[in-house]
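Residue-level listing of the chains:
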Amino acid sequence: MKTENLHITIAGGGSTYTPGIIMAVLNNIDRFPISSITLYDIDKERNDDMCLIINYMLQNNDLPDVKLTQTSDPETAFTDVDFVFSQIRVGGMEMREKDEKIPLKYGLVGQETCGLGGFAYGLRSIGGLLEIVGFIQKYSPQAWILNYTNPETLISEAVRRVYPNVKMLNACDMTISLEETIARNYGYNRENWIPKYYGLNHFGWYTSIYDKELERDVMPELIQKLKDTPMKVASFNSGDNSWQDAWDMLSKITTNFPDQIANNYLEYYLYSDDVVDHADPNYTRANQVMDGRLKHTKDVANLIRSGATDDVIDFDFGEHGQYIVDMATSILNDEHRRFMLIVPNYGAIPNLREDAVVEVPAYVGRLGAEPVAMRHHINDFHKGLMEAQNAAEKLLVDAFFEHSYSKALQAFTLNQTVNSAAKAKLVLDEMIIANKGYWPELKEDAAPVL
Ligand code: NAD
Ligand code: G6P
Ligand code: MN
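Bear in mind that the values here come from a model prediction, so they are computed numbers and not experimental data. (Residues numbered from 1 in each chain as written. Chains lettered and ligands numbered in written order. Predicted model: local features only at pLDDT ≥ 70, side-chain atom pairs only at ≥ 80, totals over all residues.)

Turning our eyes to something else, we now look at the overall build of the protein chain. Assigned secondary structure in the protein chain consists of 16 helices and 13 strands. Relative to its length of 450 residues, the protein chain is compact, with a C-alpha radius of gyration of 21 Å against a globular reference of 22 Å. Projecting the C-alpha coordinates of the protein chain onto the three principal axes gives extents of approximately 60 × 55 × 40 Å. In the protein chain, buried positions account for 49% of the 450 residues. Within the protein chain, contacts between residues separated by at least 24 positions form 69% of all contacts whose residues are at least 6 apart in sequence. (Helix = DSSP H or I, 4+ residues; strand = E, 2+ residues; numbered from the N terminus. Rg over C-alpha atoms; globule rule 2.2 N^0.38 Å. Buried ≥ 20, exposed ≤ 12 C-beta atoms within 10 Å, placed from the backbone. Contact = placed C-beta atoms within 7 Å.)

Turning our eyes to something else, we now look at the site of ligand 2. With respect to spatial proximity, the complete set of residues near ligand 2 consists of Glu112, Thr113, Asn150, Cys172, Asp173, Met174, Arg285 and Val289. When its residues are assigned to classes, the shell around ligand 2 shows three nonpolar, two polar and three charged. (Near = placed C-beta within 6 Å. Nonpolar A, V, L, I, M, F, W, Y, C, P; charged D, E, K, R; others polar.)

Predicted confidence across the protein chain gives a mean pLDDT of 96, with 99% of residues reaching 70 or more. Here the predicted complex carries an ipTM of 0.99, next to a pTM of 0.97. (pLDDT = per-residue confidence, 0-100.)

So, on to the site of ligand 1. Close to ligand 1 lie 25 residues; Gly12, Gly14, Ser15, Asp43 and Asn150 are nearest. Partitioned by chemical class, the residues of the shell around ligand 1 number 10 nonpolar, nine polar and six charged.

Okay, helix α2 (residues 44-60) next. Compared with an ideal rise of 1.5 Å per residue, which puts 17 residues at 24 Å, α2 spans 24 Å between its outermost C-alpha atoms and is within 8% of the ideal. Looking only at α2, the buried set comprises Arg46, Asn47, Asp49, Met50, Cys51, Ile53, Ile54, Tyr56 and Met57. In this structure, the buried residues of α2 make contact with α1 (18-27), β2 (34-40), β3 (67-71) and α12 (285-305). Residue Asp62 follows α2 closely and has a positive phi angle near 55°. (Expected span 1.5 Å × (residues − 1).)

Moving on, we get to unusual backbone geometry. Cis rather than trans, the peptide bond between Asn150 and Pro151 has omega equal to -15°. In this fold, Pro151 is placed in the loop between β5 (144-147) and α6 (152-162). Here Glu215, not a glycine, exhibits a phi torsion of approximately 60°, which is positive. Owing to 8 C-beta atoms within 10 Å, Glu215 belongs among the exposed residues under this scheme.

Turning to the UniProt feature "domain: Glycosyl hydrolase family 4 C-terminal" (unreviewed entry) in the protein chain, a few remarks are in order. Here the UniProt feature "domain: Glycosyl hydrolase family 4 C-terminal" (unreviewed entry) sits at residues 197-418. In residues 197-418, the share of helix is 47% and the share of strand is 17%. The end C-alpha atoms are 26 Å apart. (UniProt positions renumbered as here; feature names shortened; annotations may be inferred.)

With that settled, consider the sheet that holds strand β11 (residues 337-344). Strand order across the open sheet formed by three strands is β11-β12-β13, with antiparallel pairing between neighbours. Looking along the sheet, the strands with just one partner apiece sit at the ends: β11 and β13 (368-371). The mean angle between the axes of side-by-side strands here comes to 50°, regardless of whether they run parallel or antiparallel. Pairing of β11 with strand β12 (residues 357-365) involves eight bridges; the strand directions are antiparallel. Bridge pairing links Val343 to Val358 in β12. Contacting β11 and β12, helix α13 (residues 320-332) runs over the sheet at an angle of about 55° to β12. (Pairing = 2+ DSSP bridges. Axes fitted to C-alpha atoms, helices over the stretch in contact; angles between N-to-C directions.)

Inspection of the secondary structure assignment puts Trp243 in helix α9 (residues 241-256). Apart from the residues lying within four places of it in its own chain, the contact partners of Trp243 are Val233 and Asn237.

Here's what the structure looks like:
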């Protein structure tokens, strides 16, 4: 494996997360010696904007020799590449808005990755990601792919069915930002923590958090603190009310189920009614992101375009970019750092089906991910929730490959945010129309009569 003059390609280069990732790359250039960055995106305007921003960052960091390329041509993007960071959003925020608003019309959770919005996104995203993985297998099969394109479990399940030996890590930043937020709120240092965690992506629980400095499991005291004093948003989400709502819900979950700390995304499954009641069906998270992060990125690009010379780079994405670079360097230097990764189960959670895609701690080195087995059974509450959700996810991926309407309907009905097969069908039928051109064509004749 090459260890210097590395070439990275960002698939979905126009994403608003790109500056945060590049910032982390530049801050770690000694450990991660790159000489070439390629931004690959199907949206030329967004890639143009991002290229301006990244070029500006390179100049301001005295790294003008790093080669910067932007392209929408797969061969150019993926030839001679060492690492691909993958963060595409098939259908963009416009389709995310539909994912969120259509289920809400029927009184169901409308969310980017959870519930039926997440399933709709999955049926769009799988094809886009498989195409990119295919390009990489063709032009740079030696490259490592670090994927965080959502919905992660569905992507991961689909990719491994087609490319079982692909060199790909699937990672989500939620556990990191959850830990960082807890640590900042209650006066701990996350760097000292060794957390134990298990679940599906955006659907998991901590069983202990050992603090190396304090030499104890701090989870019992954290549970007490979460019950007593709800967390405030950390600086990287400051001013973002929807994250404040999420942390308030986390306190509620912890109060009602105080045996473990849940991933905050479980609010969508455990308190679906509250989530629906609090949602504004005319202005959802996609609208907030379009009016916030997306607009801000465009404004920064325009400032640079108009010749601004002051430091206009003021993005704060918390740990997002850093964990991606940490994973890359852990592979590169065989560091065996520990991350939560989305991997095939194969006994890591011993009493869950072995072909489930789960999220558990894993050590990362030259061999990729080496997951940590729990070595104890999970109890019926968590197991029951996970088994149903996992079956729904498997059915959805089947529906993608088999173009099966009936499996899509089963998946929609079994999704843990849905309490009615009739509503599942109404949402599915409306989603089919809304996603024309993005979803595989589902075979209507396979539809069961409800
Ligand atoms: P975004 O829409 O702002 O950016 C995505 C970019 O991908 C756009 O520039 C778009 O043109 C491009 N794109 C879409 N389809 C493409 C394709 N087929 N090929 C190449 N480029 C394509 O979205 P965002 O908010 O920046 O998020 C990007 C992705 O990262 C999403 O999938 C999001 O869910 C995911 N994400 C995951 C995590 C995690 O923890 N796993 C965290 C943050 C974001
Ligand atoms: C967290 C999750 C991601 C998700 C993102 C949404 O980072 O781990 O999987 O995509 O939140 O954030 P947004 O600001 O786009 O709603
Ligand atoms: Mn995530």
